[in-house]
Amino acid sequence: MNRLRKAEKAKVAEYRDVVGAAVTARDAMTALEAHGWDVQTAVNAFFSAGGQAGAGVASGDRAVVEALFEQYKDDGCDSMLLEGVLAWCNDMELDPMKRPLLIVCHKLQAAVMCEFTREEFMRWAELGADSIDAMKAAVPTFVAQVDSDATIFADFYAWVFDFSKEPGRRSLSAESARFMWSLLLADKFPIVDRWVKFLENHTRDITKDTWLLFLDFVNTYGTDVTDYDDDGAWPVLIDEFVEYCNANPAAAS
Amino acid sequence: MWRDKVLAPLKDRLVYAILEQVRKERDGEAIERELVVKPIESMVKLGLERNKPLAVYSETIELPYIAALHEYYAAETTNFLAQNAVPDYYSHAETRMAEESARAVLFLDTSSEPRVTAALTDIFVTAHLPALQGEVIPLVAAMVADSSSESHAAKALARGYALLARVPGAFDSVQDALGAFVVERGLAALDKLGDEPASNPRKYVEALLEHYAAFRTVVDTAFAGSGQFSLVLDKAMREIVNAKPKTNAGSSGGASSLPPAAELLAKYCDMVLRKSSKSQLEDAELSKVLDSVMEVFQYLEDKDVFQKFYSQMLAKRLIQSLSVSDDAESAMISRLKKAAGYEYTSKLQKMFQDMTLSDELNASFATAVEKTGMDIGGVAFSFKVLTKGSWPLSSPSTPFVQPPELDKLIKRFEAFYKNQHSGRELFWLPELTKGELRTAYLAKNHDLIVTNYQMAILCLFNRGTVFSVAEIGKLVGLESKVLMRNVASLVKVKLLSLVADAGDTAVSQAEPKAEAKAKTEAKTEAETDDAAASSSAKPSKGKKGKGKKRAPIKLNSSTKLEVNLNFSNKRIRVKVLSSLIRDSTEERAATVRGVSEERMFFLQAAVVRLMKARKKMAHSVLVGEVCEIAAARFKPRVALIKKAIEQLIDKGYLARVQGEKGMYEYLA
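Residues numbered from 1 in each chain as written. Chains lettered and ligands numbered in written order. Predicted model: local features only at pLDDT ≥ 70, side-chain atom pairs only at ≥ 80, totals over all residues. Heavy atoms only, no water.

As annotated in an unreviewed UniProt entry, chain B carries the name Cullin-5 and is attributed to Thecamonas trahens ATCC 50062. Under the UniProt heading Sequence similarities (unreviewed entry), the note attached to chain B is "Belongs to the cullin family." Under the heading Pathway (unreviewed entry), UniProt records this for chain B: "Protein modification; protein ubiquitination." (UniProt positions renumbered as here; feature names shortened; annotations may be inferred.)

Looking at an unreviewed UniProt entry, chain A carries the name Defective in cullin neddylation protein, with the source organism given as Thecamonas trahens ATCC 50062. Annotation of chain A in UniProt includes, under Function (unreviewed entry), the sentence "Neddylation of cullins play an essential role in the regulation of SCF-type complexes activity."

1. Quick word on the overall build of chain B
If you tally the helices and strands in chain B, you get 26 helices and twelve strands. Looking at chain B as a whole, 47% of its 668 residues are labelled buried. Counted over contacts in chain B with a minimum sequence separation of 6, partners at least 24 positions apart contribute 77%. Of the accessible surface of chain B, which amounts to about 33500 Å², a share of 54% is contributed by carbon and sulfur atoms. (Helix = DSSP H or I, 4+ residues; strand = E, 2+ residues; numbered from the N terminus. Buried < 20%, exposed > 50% of the residue type's maximum accessible area, 1.4 Å probe, protein only. Contact = heavy atoms within 4.5 Å. Areas by Shrake-Rupley, 256 points an atom, 1.4 Å probe, with all protein chains shown as cover.)

2. With respect to the pattern of salt bridges
Working definition: two side chains of opposite charge can pair if their charged atoms are close together. All names here are of chain B. With the rule as written, the count across this model stands at 40 salt bridges over all chains. In this structure, the salt-bridge partner of Glu20 is Arg23, at a minimum N-O distance of 2.6 Å. One end of the pair is Glu20 and the other is Arg23, both in helix α1 (residues 2–27) and three residues apart, which spans about a single turn. The exposure class assigned to Arg23 is partly exposed, which follows from its relative accessible area of 32%. For Lys616, the salt bridge goes to Glu660, with nearest N and O atoms at 3.0 Å. One end of the pair, Lys616, is in strand β10 (residues 616–618); the other, Glu660, is in the loop between β11 (654–656) and β12 (663–666), and 44 residues separate them in sequence. Judged by its relative accessible area of 40%, Lys616 is partly exposed. Via salt bridges that share partners, Glu25, Arg26, Arg33, Glu100 and Arg103 belong to a single interconnected network. (Salt bridge = Lys/Arg side-chain N within 4 Å of Asp/Glu carboxyl O.)

3. A look at the packing of helix α10 (residues 150–164) of chain A against helix α13 (residues 208–221) of chain A
All names here are of chain A. Taken N-terminus to C-terminus, the directions of α10 and α13 make an angle of 155°; their axes are 10 Å apart at the nearest point. One finds that α10 runs roughly antiparallel with respect to α13. The interaxial crossing formed by α10 with α13 has right-handed handedness. Judged by residue contacts, Phe153, Ala154, Tyr157, Ala158, Val160, Phe161 and Asp162 of α10 engage Lys208, Trp211, Leu212, Phe214 and Leu215 from α13. In terms of residue class, the contact of α10 with α13 is built from ten nonpolar, no polar and two charged. (Axes fitted to C-alpha atoms, helices over the stretch in contact; angles between N-to-C directions. Parallel < 35°, antiparallel > 145°, perpendicular 65-115°, else oblique. Left-handed = near helix turned anticlockwise from the far one by under 90°. Nonpolar A, V, L, I, M, F, W, Y, C, P; charged D, E, K, R; others polar.)

4. A look at the pairing of strand β8 (residues 560–563) of chain B
Residues and elements named next belong to chain B. Examined bridge by bridge, strand β5 (residues 466–468) and β8 share three bridges and lie antiparallel to one another. Counterpart to Val466 in the pairing with β8 is Glu562. The pairing of strand β6 (residues 496–498) with β8 spans three bridges and is classified as antiparallel. Opposite Ser497, over in β8, you have Glu562 as the bridge partner. (Pairing = 2+ DSSP bridges.)

5. Points about the interface of chain B and chain A
At the junction of the two partners, chain B supplies twelve residues and chain A supplies 17 residues. Buried surface at the junction of chain B and chain A, summed over both partners, amounts to about 1100 Å²; 47% is from carbon and sulfur atoms. Its largest share of buried area at the contact with chain A, chain B owes to Lys642, Asp650 and Arg656 of chain B, together 47% of the area lost on that side. Along the contact surface separating chain B from chain A lie three salt bridges. Salt-bridge contacts for Asp650 of chain B lead to Arg170 of chain A; the nearest nitrogen and oxygen are separated by 3.4 Å. Applying the counting criterion to the chain B and chain A interface returns nine residue pairs in polar contact (both at pLDDT 80 or more). When residues in the side of chain B that touches chain A are grouped by element, the largest group, seven residues, is from helix α26 (residues 638–651) of chain B. (Buried area = accessible area lost by both parts, 1.4 Å probe. Polar contact = N/O pair within 3.5 Å; in protein donor to acceptor, adjacent residues only side chain to side chain.)

6. Let's talk about the packing of aromatic side chains
Overall, the coordinates contain 54 aromatic pairs over all chains when judged by the stated rule. Seen in terms of ring centroids, Phe297 of chain B and Phe306 of chain B are 5.2 Å apart; in terms of plane orientation they differ by 65°. Their pairing is edge-to-face. Across the ring face of Phe153 of chain A, the terminal group of Lys188 of chain A is positioned such that the distance to the ring centre comes to 3.8 Å. One Lys or Arg, Arg317 of chain B, reaches over the ring of Tyr310 of chain B and ends 5.4 Å from the middle of that ring. (Phe/Tyr/Trp six-rings, centres within 6.5 Å; stacked < 30°, edge-to-face > 60°. Lys NZ or Arg CZ within 6 Å of the ring centre and 35° of its normal.)

7. Points about the nonpolar core
Counting 121 residues, the largest nonpolar core has Phe223, Phe306 and Tyr310 of chain B as its most contacted members. Dropping the residues within four chain positions of it, Tyr310 of chain B is found in contact with Ala266, Cys269, Leu273, Arg317, Glu329, Met332, Leu336 and Leu348 of chain B. Judged by nonpolar contacts, the second largest core, of 69 residues, contains Phe121, Val192, Val242 and Cys245 of chain A. (Core = buried A, V, L, I, M, F, W, Y, C linked by side-chain atoms within 4.5 Å.)

8. Digging into the packing of helix α20 (residues 452–460) of chain B against helix α22 (residues 480–492) of chain B
Residues and elements named next belong to chain B. Their axes nearest at 10 Å, the elements α20 and α22 cross at an angle of 70°. Compared by their axis directions, α20 and α22 come out roughly perpendicular. Facing Tyr453, Gln454, Ile457 and Leu458 of α20, the residues of α22 in contact are Val482, Leu483, Asn486, Val487, Ser489 and Leu490. Along the lines of polarity and charge, the residues of the contact of α20 with α22 split into seven nonpolar, three polar and no charged.

9. Some details on helix α12 (residues 227–241) of chain B
Note: α-helices contain 3.6 residues per turn, so residues at a spacing of three or four share the same orientation. All names here are of chain B. When the terminal C-alpha atoms of α12 are compared, their 21 Å separation across 15 residues agrees well with the 21 Å that a helix rising 1.5 Å per residue should span. The set of residues buried in α12 consists of Phe229, Ser230, Val232, Leu233, Ala236, Met237, Ile240 and Val241. In an axial view of α12, the angular spread of the buried residues amounts to 160°, which keeps them on one side of the axis. Facing away from the buried side of α12 by over 90 degrees, the exposed positions are Leu231 and Lys235. (Expected span 1.5 Å × (residues − 1). Arc of directions from axis to C-beta.)

10. Re the environment of Leu442 of chain B
Here Leu442 of chain B shows up in the loop between β3 (434–438) and β4 (447–451). For the pair Leu442 of chain B and Ser321 of chain B, spaced 121 residues apart in sequence, the C-alpha separation works out to 30 Å.

11. Some remarks on the domain arrangement of chain A
All names here are of chain A. Here chain A is partitioned into domain 1 (6–48), domain 2 (62–146) and domain 3 (168–252). Placing a centre on the C-alpha atoms of domain 2 and another on those of domain 3 gives a separation of 31 Å. Listed per partner, the contact involves five residues of domain 2 and four residues of domain 3. In this assembly, domain 2 packs against domain 3 so that about 450 Å² is buried in total across both faces, 75% of it on carbon and sulfur atoms. Of all residues in domain 2, Met97, Arg99 and Leu102 bury the most surface against domain 3, accounting for 85% of the area lost on that side. In this assembly, domain 2 and domain 3 are joined by zero salt bridges. Linking domain 2 with domain 3 are zero residue pairs in polar contact (both at pLDDT 80 or more), by the criterion used here. For the side of domain 2 that touches domain 3, the residue count by class is three nonpolar, no polar and two charged. (Domains from an automatic or database assignment.)

Have a look at this one:
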């Protein structure tokens, strides 16, 4: 939350100037985020929702979102489980195996795959969407944010690691890691396909360090590994990958 | 006056005449030397300009003289080299240069000496550098082949060295070539040994030292003991010693990726320090052998591997009392301590001390037994108390119930020990224990040398006649694999025999009177630990199967066994022990595994220590310093250090500094 950039901080200040300081910075941020950091729209939303402090969107929305949650929630606990999530995905027309759903999960700060807690799902209210239609409409904005802003992408990328690993484990299984790498990076960096192929024979879990550093790696050497610094602090697995690339240049294309 | 009026106009002709005389002398004609000396002297005397007293001399004759020198020999040396071999040129150049130096002393002013020397170097060495350098390695090869230091090659090489030594940097390329040559020859020499070192590590050490000695002679005699070449030789030796075998055809190399040197060297030590009937070395000889081991040791990178194997073999020697002598053992340990430091040998030292302490303990226990008339069951004993952590032993792999015959002894000893050292705990390592039993049921009685397990099995027959394998297992508590092995070895030496058939035989066999298999004496060596136990060693002296092939012994849990009353053996003392031998390749693999675990642990500890002290460190600096710290034990691959760092990051001890590439920070 405190990792706002300057421009965003300014917008938060501007927003609070207009709607009143009773709105906390955090609420302001949430409201702005929900409206794509457009101060005017957010302010309009604030007043049209009755100008209540504490919620960037109409407080009535919470009840509607809550009702929606109840509809998908599992009977046995206070969460949406696999079945509910799939039903919701279906209604949302989201492919469970594709990126947009992952981005939505990140937006909701979901902790575990195929599961939404009440608290997580209720973030829809803060995001200003209280119907399936509104939610659907919001998805492309989320995707655009992630795709256009490297900082947001990095945050999203780091979150994916914790989200994808099995609860209680420190590392991510190589199989899940391969899947996620293909999903997140393959279209931007062609080398990721080779990386995933290279990892086919790798059975050990992927550490968070390797996961995080791999993003730095593709950002630095994503198109060309010839200048790779093997005396650098890169994880050993990446060293081995570059060695593998250099040893098998044929497969480069 | 003289200078301007006389010399100036005559100068050219005069100089020409002088140089012509010199040329003639070079060609071997006799000349009137005064005709050269005098004019030049007079030119020196013309040093009228006070600040540059030799200006006239230098300009008029010195420069032309040196130019003539160049001119004459440029052609001469080239021709000579075209028609003669380089070694001949070495002596030719030596002679010519000596001649010219002497000539310059005679004809020229002493101030010219350095210039002449420099010119000679240019002419005879620098101008033909590649040819001269190129001959060094062939000559080294020839010299190594002909071992006498007085050989033609040795002399030529010394001359060549003296020539090249005149040009700074002339050896730089020779040095690399020599290093490569030494390595190539060394590896070839080791290669030639094939698999032999595995069974006879002496060959390996000898081959290395022979190789070293040959090149040491080259450096000392031909290269005047040059420090630069000594370094080259040391570096090459290090490379040879730490090389992995090229061909992995030999099965010995397959078990690990480690170079074989450390293990071979440790084995060689074991061979020398182990009591053997074959070849006992004299003290002086032994000391020489140990020194030779240390010579190889200093080149060893995997000092930790050596330590591991060494301590394992030392443990066996000490536990089984197989050392040649205490003096020899401590001589080796002190050599290692000197070479690798106190910490390196502290465990070895402790093991060695444990032996002395155990001897004292046995003596005082014996005295106590005698004084108090304590009942220890009438058996002789010898205990070894080993400090936990210092010995490469692991805890027993099977539960075990000591035979009641030893009960009293063990209980009394434990009480005695605890009385002396309160707070310490004893753990028994029966796996490493052996004992002697005397038979009392045979026509000719034998002393049986058996393992503790075998002893327990045999002692059962003091109380019964027939036992099934399952019953034995229940009574002595052994895990089935160990049980089978020990029973099988007793059957194999025919101390026990299978009861013919199940059913009635068993009953009928019960008829022999319960022979007194009175055990008159049981000698026990028990190894104990101070805290928690660990054990793995075993007598490695295998009993060689006799020539005849025996029918395989079929044992299962219901097989019934009885004592073979017709047992006979030529010897009074019969060794049964053999079954204890554990698979040595398995043990070796465990050792190698242990080494890599310890390395990882060591590296992580080093990284943490450094990071804790510095808080923040750059990757390359950290890797460099870790390498330095590790150098005394082993040479870590960078990838291994990186793995250590990554594991520490993963465990949350370190983190990468946000926004600063290649920096780590310590997390408290």
